[in-house]
Amino acid sequence: MKKLTYLLVLSGLISAPLAAIAEDSPVTGNIGITTDYIFRGISQTQHKPAISGGFDYAHSSGLYVGTWMSNQGWVNAGGYKANSSMEIDLYGGYRGAISDDFGYDVGLITYYYPGDKVAGAVSPDTTEAYLSLSWKTVSLKYSNAVSDYFVGWGTLGTVKTKGSDYLELNASYDLGEGWGVLGHVGHQSIKHISASDYTDWKVGVTKDIGYGTVTLAYSDTDADPIAGAYWWGTPAKDVSKGVLALSFSKSF
């Protein structure tokens, strides 16, 4: 509860500078809250709420950089790092348009989890390269881990998971009057650990309520929680099971 309270305070502290960002500024911001932080179909918070926020800088040339943070619970639960409750993402890339309807985005992202190293444990910190192609509100994105280990998968000194990849298809549709629907399907492959490969999917509905967007979405996977090791914590929880999550987000 103390960690969640701290994050609420943090979100309040960052909301003031976000609100001061001019509409024509190259800097944008975002804040959000959700009942469950789901990433590629896997709960990052042991099925508990999360608060997030971030900033992006986009140059007129197409170059951009950004950062985003959220609370998480899997790093501690999995024994990868002690005293770890945050995720900090750092990313940058280049995006452009091929035509009015077609676009592309290429870049690098690092997922960093502050905390104390655990002797003999593989680092969960991960860097991926990505390429995305979009057509109107449909996008196809490919991500590939360029760090030695992908989010803690592997065995120190013997099995590395560099080259693990994720392919995803995302789509949204505007229904009018602030309503929309979204869909997603993706496949995660873990290099040298095929038992942990899985496919995930999501369907949801969104509503623009004027001062932000509310999303209700159901996510699920075909992961084997035991053979794939998607069973963490004390008591152990299946972090790959189907989840209905309610979220609120605001961009500035």
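Presented here is an overview of the structure given in this document.

### Description of the overall build of the chain
Argument step 1. On a plain count of helices and strands, the chain comes out with 2 helices and 18 strands.
Argument step 2. Taking 2.2 N^0.38 as the reference for a compact globule, 252 residues should give roughly 18 Å; the C-alpha atoms of the chain span a radius of gyration of 18 Å, in line with that estimate.
Argument step 3. Dimensions of the chain, computed from the C-alpha atoms along their principal axes, are close to 50 × 40 × 30 Å.
Argument step 4. For the chain, with 252 residues in total, the buried portion stands at 37%.
Argument step 5. Across the chain, every contact between residues at least 6 apart in sequence was considered, and the portion connecting residues at least 24 apart equals 51%.

### Observations concerning the side chain of S240
Argument step 1. Tracing the chain through its elements places S240 in the loop between β17 (237-238) and β18 (243-251).
Argument step 2. Side-chain polar atoms of S240 contact the side chain of D238, separated by 2.7 Å.
Argument step 3. S240 has contacts with G41, I42, D220, T221, A223, P225 and Y230, leaving out every residue within four places of it along the chain.

### Observations concerning empty space enclosed by the protein
Remark: the empty space left among the atoms is shown by a probe the size of a water molecule rolled over them.
Argument step 1. Scanning all chains against the criterion turns up 2 cavities of 30 Å³ or more.
Argument step 2. Space inside the largest cavity adds up to approximately 170 Å³.
Argument step 3. The wall of the largest cavity is formed by 14 residues, among which I42, Q44, F150, V151 and W153 lie closest to the centre.

### Section: the nonpolar core
Soluble globular proteins tend to pack their nonpolar side chains together in the buried interior.
Argument step 1. Counting 23 residues, the largest nonpolar core has W74 and Y230 as its most contacted members.
Argument step 2. Broken down by secondary-structure element, the contributors of at least two residues to this core are β5 (63-71), α2 (74-77) and β8 (102-112).
Argument step 3. Beyond its immediate chain neighbours, meaning those up to four positions away, Y230 contacts I42, W153, I190, S196, Y198, A223, D224, P225, K237, D238, V239 and S240.

### With respect to the sheet that holds strand β11 (residues 138-145)
Argument step 1. Taken together, the 12 strands give a closed barrel; going around it, the order is β1-β4-β5-β7-β8-β10-β11-β12-β13-β14-β15-β18, and neighbouring strands pair in antiparallel fashion. Sheet twist, expressed as the mean angle between neighbouring strand axes with direction ignored, is 20 degrees.

### Description of the pairing of strand β10 (residues 126-135)
Argument step 1. In this sheet, β10 lies alongside β8 in antiparallel orientation, the contact comprising 10 bridges. Pairing of G107 across the sheet is with Y130, part of β10.
Argument step 2. Note that β10 and β11 share 8 bridges and pair antiparallel. If you follow L133 over to β11, its bridge partner there is L140.
Argument step 3. Between β10 and β11, which follow one another and run antiparallel, lie 2 residues, and K136 among them has a positive phi close to 55 degrees.

### Examining the pattern of salt bridges
Argument step 1. For the structure on display, the rule yields 4 salt bridges.
Argument step 2. Across the pair D125 and K81 runs a salt bridge whose closest N-O atoms are separated by 3.0 Å. Here K81 lies in strand β6 (residues 81-82) and D125 lies in the loop between β9 (116-117) and β10, a separation of 44 residues in the sequence.
Argument step 3. D125 gets classed as partly exposed once you look at its relative accessible area, which sits at 24%.
Argument step 4. Residues K160 and D148 are paired through a salt bridge, measuring 3.7 Å at the closest nitrogen-oxygen approach. Highlighted residues: K160 in the loop between β11 and β12 (165-176) and D148 in the loop between β11 and β12, separated in sequence by 12 residues.
Argument step 5. The exposure class assigned to K160 is partly exposed, which follows from its relative accessible area of 44%.
Argument step 6. Judged by relative accessible area, which is 36%, D148 ranks as partly exposed.

### Observations regarding the packing of aromatic side chains
The geometry of two aromatic rings is summed up by the distance between their centres and the angle between their planes.
Argument step 1. Scanning the model with the defined rule gives 9 aromatic pairs in all.
Argument step 2. For the pair Y37 and W68, a centre-to-centre distance of 5.7 Å together with 70 degrees between the ring planes defines the contact as edge-to-face. Placement of the pair is Y37 in the loop between β1 (27-34) and β2 (38-39) and W68 in strand β5, with a sequence separation of 31 residues.
Argument step 3. Seen from the ring of Y64, R95 lies directly overhead, with NZ or CZ sitting 3.8 Å from the centre.
Argument step 4. Here K141 stacks its cationic end above the ring of Y130, 4.6 Å away from the centre of that ring.

How each quantity is defined
- Residues numbered from 1 in each chain as written.
- Predicted model: local features only at pLDDT ≥ 70, side-chain atom pairs only at ≥ 80, totals over all residues.
- Heavy atoms only, no water.
- Helix = DSSP H or I, 4+ residues; strand = E, 2+ residues; numbered from the N terminus.
- Rg over C-alpha atoms; globule rule 2.2 N^0.38 Å.
- Buried < 20%, exposed > 50% of the residue type's maximum accessible area, 1.4 Å probe, protein only.
- Contact = heavy atoms within 4.5 Å.
- Polar contact = N/O pair within 3.5 Å; in protein donor to acceptor, adjacent residues only side chain to side chain.
- 1 Å grid on protein atoms, 1.4 Å probe; cavity = no way out; pocket = protein on both sides within 12 Å on 5 of 7 lines; lining within 4 Å.
- Points joined across faces, edges and corners; volume = space filled by probe spheres on them.
- Core = buried A, V, L, I, M, F, W, Y, C linked by side-chain atoms within 4.5 Å.
- Pairing = 2+ DSSP bridges.
- Axes fitted to C-alpha atoms, helices over the stretch in contact; angles between N-to-C directions.
- Salt bridge = Lys/Arg side-chain N within 4 Å of Asp/Glu carboxyl O.
- Phe/Tyr/Trp six-rings, centres within 6.5 Å; stacked < 30°, edge-to-face > 60°.
- Lys NZ or Arg CZ within 6 Å of the ring centre and 35° of its normal.

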